[in-house]
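Geometric and topological summary
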Amino acid sequence: MKIANRKVTAERLVRDALDKAKHFADYNIFTFLNEEGALKKAREIDAKIAAGEKVGRLAGVPYALKDNFMSPEGDTTASAHILEGCASPITATAVEKLEAEGAIMIGRTNLDAFAHGSSTENSYFGPTLNAYDQSRVAGGSSGGSAVAVALDIVEFATGTDTGGSIRQPASFNGVYGLKPTYGCISRYGVVAMASSTDCIGFFTKTPGDMDLLMSVANGKDSKDLTTLDNYYHDSKLKKAKRIGVIKEFDNDSVDKNIKKALKKKCELLKSKGYEIVELEMPALKYALAAYYIIVPAEVASNLSRYDGVRYGFRSKKSEDLDALYSETRSEGFMPENKRRIMIGNFVLSSGFYDAYFLKAAKARTLIVEEYAKAFEKCDFILTPVAPNPAFKLGEKTNDPVAMYLEDAMSVPLNLAGVPGLTIPAGKNADGLPIGLQLIGPRRSDKSLIEFSKELTE
Amino acid sequence: MEIKREDILHLADLSNFSLSDAEVKSLGGDLQSIIKYISQLDELDTENVEPTYQVFEMENVWRADEILPQDASREELLALTVEAKDNQIKVPKVL
Amino acid sequence: MKYVPTIGIECHVQLKTKTKLFSEVDNDARGKEPNSCVSPVDYALPGMLPRLNGEAVRLAVLAGRAMNCEINAESRFDRKHYFYPDSPKGYQITQFYQPIIGSGYVELPDGEKVRIEHAHLEGDAGKLTHFDSYSLVDLNRVDTPLIEIVSMPDIHSAKAAHDYCKELWRLMRFADVTYGDLYNGNMRFDVNISLAPEGSDVLGTRAEVKNLNSFRSVERATEYEIKRQSKLLDAGEKVVQETRGWNDDAGKTTGQRSKEEAKDYRYMPEPDLPPVRLSAEFIEKESAKLPPMPSEYRKRFKGIIANEILEILLDYPELTNKLNEIDQKYVKNMSNLFTSVLLAEEKSAEYLNDLPSVRDLNELAAMNEKKELSSTATKEVFLRLFDPQMKGHGTRQIAKELGVIQENDLGALEKIVDAVLAKPETQKAQEDFRAGEEKVIGFLVGQVMKESHGKANPSSVQDILRKKLS
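Residues numbered from 1 in each chain as written. Chains lettered and ligands numbered in written order. Predicted model: local features only at pLDDT ≥ 70, side-chain atom pairs only at ≥ 80, totals over all residues. Heavy atoms only, no water.

Some thoughts on the interface of chain B and chain C
- Taken residue by residue, the interface counts 36 residues in chain B and 52 residues in chain C.
- With both chains or domains summed, chain B and chain C bury close to 3700 Å², and 57% of this area falls on carbon and sulfur atoms.
- One can count two salt bridges joining chain B with chain C.
- Its salt-bridge partner being B:Arg74, residue C:Glu33 comes within 2.8 Å of it at the nearest N-O pair. (Contact = heavy atoms within 4.5 Å. Buried area = accessible area lost by both parts, 1.4 Å probe. Salt bridge = Lys/Arg side-chain N within 4 Å of Asp/Glu carboxyl O.)

See below:
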């Protein structure tokens, strides 16, 4: 990535990024442009460079921040009406780490409100358009971030991935997108969707950039008790020999161009001396159902705090306390938020907990075990990210289940806590990008990123 | 299972939503098809399987009992509410 | 008809940690401004995650062991959902499925046992103040660590309910997990009461009286409920299952809004906190720090300290534990000093925080035993032992400074007696005594005391005089 130095100033990099952001305004990528703040920071970095002072590893690198990361620059809305006007007094740990290395946030990017969705159509600010076809969706929920990188506005963008929200939009827009191992990057200061599956990750143009960002952002955080030790730095690179493909994902619901792309990459790997292993993972069939029980439950719980009392939007109809709650929440949430909250409350409610939530938590065990078994037979797994390339705007908005099926191949990783990296794998006849995902065991992130270089021809 | 209108109203109550009739109808249909989809877990045999709530191998993660400075002050926090009075958050009366 | 009451009690105990259960802010908000002890975590900003206080876990282990409870090897936190401004997250973090403290029992002063079903760690709620057209929300108390102790329905009278609550209070103070300040709500009781006709093995419908904050109100509210429910049942009416509030001034319980359906809290495992797994060694090591509990003291001091005195002492763990450390032959004497002298002092509460050393107390008792100190002097020196100005001086030095040590050296005393008997002004009294006038001995003792500057032990003086004059 381009880093500021004596020849290229941070101000130049930031101005270029801001110009491009404005040029591509009709894609509806940003919910906030950080013009003043970004330029001020750029000048500070340039002054340091001019004075010969030490600057960070990401000095002057313009980046886009998904609008569910809290920081005092711009309101943190998570593209939700109910968080309108929420100027955060705190800074997410991930943002703090990036900025400490000199990265400069030029804007906040659009998402499905509270990251609920696979198309960025559930945003209070309207959909973001696909980088390759404006009639198609950007994918989601981190649609804005994916398109910001794909259109080369920024060098990288942050994302969150609860069930595919980084990997799927990365594949729809032809960029790299990593969902790290659960617990690798602190969730402190990131608007929670589902605590047990939420992961912070990045969109980049190269595996090398991804490695750099991971080494900056990973690590234990006393403000998030579910962060792992700083294993990323010390990871020994694994020598991969066998690559698995999942038999159950070779079915009719998967677009034939995607199947073709997968086959092509397997041929490439074979030609490089790798062994391709076919894996049977029957429990994955149930991953999506388990996911759409566990995640809505955690969503319903995590979104209980949005009530109009302490921050964000408060309904004008708040005559008494009951109305304050119910009117604020009714007006403040998008329909998809409401669906997930109500499903979550259904699966947790008295009489249904055992049949749904507990059952799903047990199914999750089988899924975790299935990955463990798979990684005894192979080093990494290569699969499609989503069954299809970017679909048309509005195509699935009236059918929530059809939208959920988009996530069938991405959610199992979140349930198991294993890392997955979307790699660009060509385009279909319509010029739409195709992505594949490379999956590794927990804590294999560094090897996974390194290995992805083998997949480029 | 079949989701009736009163089930939707009960879930709306648990979720603290006041839904319009149109919403009750449209959400009702959506919820019915989602519940039908997730109910396919019924076919999975989970006998003698322990549940997994977290995919995080750590335990006993806790902190020392020491007062530390916080990331935001009372003033910064109260500035976020629609209305504060006497350093407290003001809410409409409880019926 | 005659009814048998069945009573179960839930007790919330605020733990005396320095910081809250999930954030590093001051846990003691007494006398502080509203919302001054609130972190972004307590305020439930988006993206905030709980940061568990390890000390609360440790105190829970101590509390559990004090109640003879199993400590569960694995425990977890859960979310209990409800919407109200005192709950900023929209849920309370508690332990529903796997609490840290398992079953045990509390032994009451009369030897009866009340079984503990379980006890769990959880965060407290904030406070609302209601005005005519609005309410104000103060989050200072949000996530103060609590343990909630759930008893089995083993209590069958208002008196036993009182005794159970008081004994719990003592246990928590002996375990040193709470300040136990009832006035400030450090312990609060919810009492479940139902009546069943005598001989029936089916329990009646229960009413729950919530938020009682004194043993007396527990007893009165329970008495009231037993009467109220008896009357209803006698009249053929039904007891409604509901939550009731206690009005201490009116001496009445009143029904609070009863929702037609029970609240559905939708308990869910807390995904932001890793599980707590405690080794047997850790539990053992921590429990070893506990002093004996009141029931043990009752056995240990039986026949040494009168029951009434011991029951007073058991309200003061510091004093009871101190008694346990001093020489056993002085326990009785010291228990009297503690209850009749120290506790009668205005400053006794202050004094309790910093008791004299075992050495000083043993010495005091020894000097009294050897008659070096009269009982009046003993009390005087005893109180000085608590005086911050004198404390470091040591018992003997204080007694010397006060000039109250009695002369007991018989050789030295004899010399003084001889000197007094040689004086001309005592000759007549000596003759009178020999002639059988008993009461002049008083005059002679007085003369010796004068000669000794008051330090002689009067009864020893009298013994010597009698010997010499016989």
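Let's talk about the interface of chain B and chain A
- Across the contact, 53 residues belong to chain B and 70 residues belong to chain A.
- It is B:Phe17, B:Leu41 and B:Val55 that lose the most area in chain B upon contact with chain A, and together they represent 13% of the buried surface on that side.
- Where chain B packs against chain A, one counts six salt bridges.
- For the salt bridge of B:Glu57 with A:Arg442, the shortest nitrogen-to-oxygen distance reads 2.8 Å.
- Here chain B is connected to chain A by 22 residue pairs in polar contact (both at pLDDT 80 or more).
- Of all elements in the fold, only helix H1 (5-15), helix H2 (21-38), helix H3 (74-78) and strand S2 (88-92) of chain B reach the threshold of two or more residues within the side of chain B that touches chain A.
- Looking at which element gives the most residues to the side of chain B that touches chain A, the answer is H2(B), with nine residues.
- By residue class, the composition of the side of chain B that touches chain A is 32 nonpolar, 10 polar and 11 charged. (Polar contact = N/O pair within 3.5 Å; in protein donor to acceptor, adjacent residues only side chain to side chain. Helix = DSSP H or I, 4+ residues; strand = E, 2+ residues; numbered from the N terminus. Nonpolar A, V, L, I, M, F, W, Y, C, P; charged D, E, K, R; others polar.)

Overview of helix H15 (residues 445-452) of chain A
- Most of H15(A) sits out of view: six of its eight residues are buried.
- Taken residue by residue, H15(A) has A:Asp445, A:Ser447, A:Leu448, A:Ile449, A:Phe451 and A:Ser452 as its buried positions. (Buried < 20%, exposed > 50% of the residue type's maximum accessible area, 1.4 Å probe, protein only.)

Here's the deal with the sheet that holds strand S6 (residues 113-123) of chain C
Residue and element names in this part refer to chain C.
- With mixed pairing, eight strands are arranged side by side in an open sheet as S5-S6-S9-S1-S10-S11-S12-S13. Edge strands, defined here as strands with exactly one partner in the open sheet, are strand S5 (104-107) and strand S13 (252-255). Geometrically, the sheet is characterised by an average inter-axis angle of 30 degrees between neighbouring strands, direction not taken into account.
- Summarising the sheet, strand S1 (residues 3-14) and strand S9 (residues 145-151) pair through five bridges and their orientation is antiparallel. Directly across from Gln14, in S9, lies its bridge partner Leu146.
- The sheet strands contacting helix H3 (residues 215-234) are S1, strand S10 (187-197), strand S11 (207-212), strand S12 (242-247) and S13, and the helix crosses S10 at an angle near 25 degrees. (Pairing = 2+ DSSP bridges. Axes fitted to C-alpha atoms, helices over the stretch in contact; angles between N-to-C directions.)

Description of the layout of surface pockets
Residue and element names in this part refer to chain B.
- Of the voids in this model, the second largest pocket is the one considered here, and its volume is about 470 Å³.
- Looking at the second largest pocket, it is lined by 24 residues, and the ones nearest its centre are Pro51, Thr52, Tyr53, Gln54 and Val55.
- For the lining of the second largest pocket, the residue count by class is 14 nonpolar, four polar and six charged. (1 Å grid on protein atoms, 1.4 Å probe; cavity = no way out; pocket = protein on both sides within 12 Å on 5 of 7 lines; lining within 4 Å. Points joined across faces, edges and corners; volume = space filled by probe spheres on them.)

Digging into the side chain of C:Glu219
Residues and elements named next belong to chain C.
- Position of Glu219 among the secondary structure elements: in helix H3.
- No salt bridge forms around the buried Glu219; measuring N to O, its nearest opposite-charge neighbour Arg216 is 4.3 Å away.
- Residue contacts for Glu219: discarding those within four places in its chain leaves Ala158, Lys159 and His162. (Lys, Arg positive; Asp, Glu negative; His and termini not counted.)

Describing the sheet that holds strand S1 (residues 30-33) of chain A
Residues and elements named next belong to chain A.
- Taken together, 11 strands build an open sheet; the order of strands is S1-S3-S2-S4-S6-S5-S10-S11-S9-S7-S8 and the sheet is mixed. In the strand order of this sheet, the two ends are held by S1 and strand S8 (275-279), each with one partner. Here the average twist between neighbouring strands, direction ignored, is 30 degrees.
- Bridge analysis of S1 against strand S3 (residues 104-109) gives three bridges, and the strand direction is antiparallel. Paired with Phe30 across the bridge in S3 is Thr109.
- Sheet strands touched by helix H3 (residues 93-100): strand S2 (62-66), S3, strand S4 (156-161) and strand S6 (199-204). Its angle to S2, the strand with the most contacts, is close to 175 degrees.
- Sheet contacts for helix H6 (residues 207-217): S4, strand S5 (176-179), S6 and strand S10 (420-427); angle to S6, the most-contacted strand, approximately 145 degrees.

Looking at the pattern of salt bridges
- A complete count under the given rule lists 76 salt bridges over all chains for this structure.
- As a salt-bridge pair, A:Arg187 and A:Asp224 come within 3.8 Å of each other at their nearest N and O atoms. Placement of A:Arg187 in the loop between S5 and S6 and of A:Asp224 in the loop between H6 and helix H7 (231-234) is noted, with a sequence separation of 37 residues between them. There is no split in this pair, since A:Arg187 and A:Asp224 are both buried.
- A salt bridge links C:Glu24 to C:Arg51; the nearest nitrogen and oxygen atoms lie 2.9 Å apart. In this pair, C:Glu24 is assigned in the loop between S1 and helix H1 (54-66) and C:Arg51 in the loop between S1 and H1, connecting sequence segments 27 residues apart.
- Exposure remark for C:Arg51: the relative accessible area of 5% places this residue in the buried category.
- Connected via shared salt-bridge partners are C:Lys166, C:Glu167, C:Arg170, C:Arg298, C:Glu311 and C:Asp315.

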